Structures are given as C-alpha cells and as structure tokens.
Amino acid sequence: NAGVTQTPKFRILKIGQSMTLQCTQDMNHNYMYWYRQDPGMGLKLIYYSVGAGITDKGEVPNGYNVSRSTTEDFPLRLELAAPSQTSVYFCASTVSNQPQHFGDGTRLSIL
Amino acid sequence: DQQVKQNSPSLSVQEGRISILNCDYTNSMFDYFLWYKKYPAEGPTFLISISSIKDKNEDGRFTVFLNKSAKHLSLHIVPSQPGDSAVYFCAASDGSWETSGSRLTFGEGTQLTVNP
C-alpha cells in the first residue's frame, strides 16, 4: 500500500517555465489537497478537491491550477513559474472524519 | 490573519521529561483539532486529534488538552524520547466535509529537540 505518492521529489525551474507536480493515492480517498510550506511557516492550502471533477481554491491559489479527472490523481500545474513559488509542496488525501494522509513532498526551486 | 498560532518556534527537553507544545486559535468555528509530526524530508504524519466536545484525548505517551474558552490547546508527551525530535504542527478544521472537505488551517510549527 503506497499511500500518497508525489513526483518528482526535487525540481529546479527557470522563471517563466511551466511544470506539473504529480500526486496519486491508492486508498480510494475522495478528498485531496495541495499545500505549500515555506521556510519557518506552516502549510498553506493551495487547492482542494472533494471528489473527481470537483475542485476549489484554498488560501493561496494564485499562479496554480489543478484538475481531478480520476479519484486517484490530483496534479498541480504551475504555468509561469515565479521565484515566489519556490517552496516545498505537499499533497494529502483522506475520507470523511479521518485525518489527512500526506505524501513526502516535492521540493521546488525557481531561479 | 493567522488563525492558528504556535508561538514557540523551538523547544528543547531532556529525555524522560515532559514536553508541552502549545497552540492558540482565533476562529470560533473550528471544532476539530489535530497534531501532526514531521521529520526532515518527509511529509507530516498524523499524531493525535481532539473534537471540540472533549477537553482531553490520550494515546499512549501523547495527550492533547483543549480549552475552548481560552481557544488554546496543548500536546503533552510523557516521557519524551530522542525519537520524538521533530517539527510538530497544530491544525484546525471547522468540520464542513460536504462543502469544503474539512480543510485544515495549520500553525507555523514547533521544533522539538529531545536530548539524551
């Protein structure tokens, strides 16, 4: 049982480039979330999904897009990378009345 | 507007003693509180939670206390062990699963170091 899997683990981007952070879970969880964690800060919610085909903005959605075409996958898209998006990104999933399970993160640097 | 605050960035204790980590919140709609533990280069892992209808929840060495009137919760670890050294995050939710997936608001984290 792999849980929540995030790829890649590390990535360096140039300003203006785009990329997709992948997140997949094998627990048949309907709820999925994307967070970013900046140094010395807590996790901030970027986007979340309550089920396939349904997504909504979190606290810090600007500069990001998501899609949820299947229960298992919840990719996060950066269209025009900016230095302010340098961060560690965490994906999480859960079902009702259970705590969220997190992946091990993607460390992204934009130079 | 920081709705969940952990005012101590770091805490250092001796092995075998008690560790007390604190968390304050401002949103009265929060009704479910969690503590997560995070090791370097790993994702947060769930540790313990408490519903607003309780004031204490215990799981082995870990106990969470909730004071709703003060909007304050604390995590007690007794006895502390070197393997407990990690960053601890407090998180809160308003429990609205249908509309917002019971989204979590996190504090900034407290780095706990347990010295042998």
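Residues numbered from 1 in each chain as written. Chains lettered and ligands numbered in written order. Predicted model: local features only at pLDDT ≥ 70, side-chain atom pairs only at ≥ 80, totals over all residues. Heavy atoms only, no water.

**Student:** Quick question: what am I supposed to make of the interface of chain B and chain A here?
**Tutor:** Frequently, the measure chosen for interface size is the accessible area removed from exposure when the parts meet. Listed per partner, the contact involves 21 residues of chain B and 26 residues of chain A. Taken together, the two surfaces of chain B and chain A that pack against each other cover about 1,700 Å², and 58% of this comes from carbon and sulfur. A per-residue breakdown of the area chain B buries against chain A is headed by Trp 97, Arg 103 and Phe 106 of chain B, which together make up 35% of the total. Linking chain B with chain A are zero salt bridges. Between the two partners, chain B and chain A, sit two residue pairs in polar contact (both at pLDDT 80 or more). When residues of the side of chain B that touches chain A are traced back to their parent elements, those giving at least two are strand 4 (32-38) and helix 1 (97-100) of chain B. When residues in the side of chain B that touches chain A are grouped by element, the largest group, four residues, is from helix 1 of chain B. Counted by class, the side of chain B that touches chain A contains nine nonpolar, seven polar and five charged residues. (Contact = heavy atoms within 4.5 Å. Buried area = accessible area lost by both parts, 1.4 Å probe. Salt bridge = Lys/Arg side-chain N within 4 Å of Asp/Glu carboxyl O. Polar contact = N/O pair within 3.5 Å; in protein donor to acceptor, adjacent residues only side chain to side chain. Helix = DSSP H or I, 4+ residues; strand = E, 2+ residues; numbered from the N terminus. Nonpolar A, V, L, I, M, F, W, Y, C, P; charged D, E, K, R; others polar.)

**Student:** Explain the state of the cysteines here, please?
**Tutor:** By definition, a disulfide links the sulfur atoms of two cysteine residues through a covalent bond. Here the structure, examined in full by the defined rule, presents two disulfides over all chains. Across the disulfide from Cys 23 of chain A sits Cys 91 of chain A; the S-S distance is 1.9 Å. One disulfide, between Cys 23 of chain A and Cys 91 of chain A, carries an S-S torsion of -75° and so falls in the left-handed class. With Cys 23 of chain A in strand 3 (residues 19-25) and Cys 91 of chain A in strand 9 (residues 87-94), this pair connects stretches of sequence that are 68 residues apart. In terms of burial, Cys 23 of chain A and Cys 91 of chain A fall into one category: buried. With its sulfur 2.1 Å from that of its partner, Cys 23 of chain B forms a disulfide with Cys 90 of chain B. For the disulfide bridge between Cys 23 of chain B and Cys 90 of chain B, the dihedral angle about the S-S bond is near -70°, and by the sign convention the bridge is left-handed. Taken together, the residues span a long stretch of sequence, with Cys 23 of chain B in strand 3 (residues 19-25) and Cys 90 of chain B in strand 9 (residues 86-93) at a distance of 67 residues. (Disulfide = S-S within 2.5 Å. Buried < 20%, exposed > 50% of the residue type's maximum accessible area, 1.4 Å probe, protein only.)

**Student:** In this structure, what is going on with unusual backbone geometry? I would like to understand it.
**Tutor:** Apart from glycine, the bulk of residues carry a negative phi angle, and the bulk of peptide bonds sit in the trans form. Cis geometry marks the peptide bond from Thr 7 of chain A to Pro 8 of chain A, where omega comes out at -10°. Note that Pro 8 of chain A resides in the loop between strand 1 (4-7) and strand 2 (10-13). For the peptide bond that leads from Val 78 of chain B to Pro 79 of chain B, omega is -10°, which places it in the cis range. Take Pro 79 of chain B: it is sitting in the loop between strand 8 (72-77) and strand 9. At Asn 97 of chain A, a position not held by glycine, the phi torsion is positive, near 65°. Among the structural elements, Asn 97 of chain A can be located in the loop between strand 9 and strand 10 (101-102). Phi at Lys 71 of chain B is positive, roughly 50°, even though this residue is not glycine. Mapped onto the elements, Lys 71 of chain B comes out in the loop between strand 7 (62-67) and strand 8. Judged by its relative accessible area of 24%, Lys 71 of chain B falls in the partly exposed class.

**Student:** Looking at this model, I keep getting lost on the sheet that holds strand 8 (residues 76-78) of chain A. Mind explaining?
**Tutor:** Across a sheet, paired strands are connected by hydrogen bonds in the backbone, their directions being either parallel or antiparallel. Residues and elements named next belong to chain A. Across the sheet, four strands lie side by side as 1-3-8-7; this open sheet has antiparallel pairing. Sheet topology places strand 1 and strand 7 (64-66) at the edges, where each strand pairs with a single neighbour. Going across the sheet, the axis of each strand differs from the next one's by a mean of 20°, ignoring polarity. (Pairing = 2+ DSSP bridges. Axes fitted to C-alpha atoms, helices over the stretch in contact; angles between N-to-C directions.)

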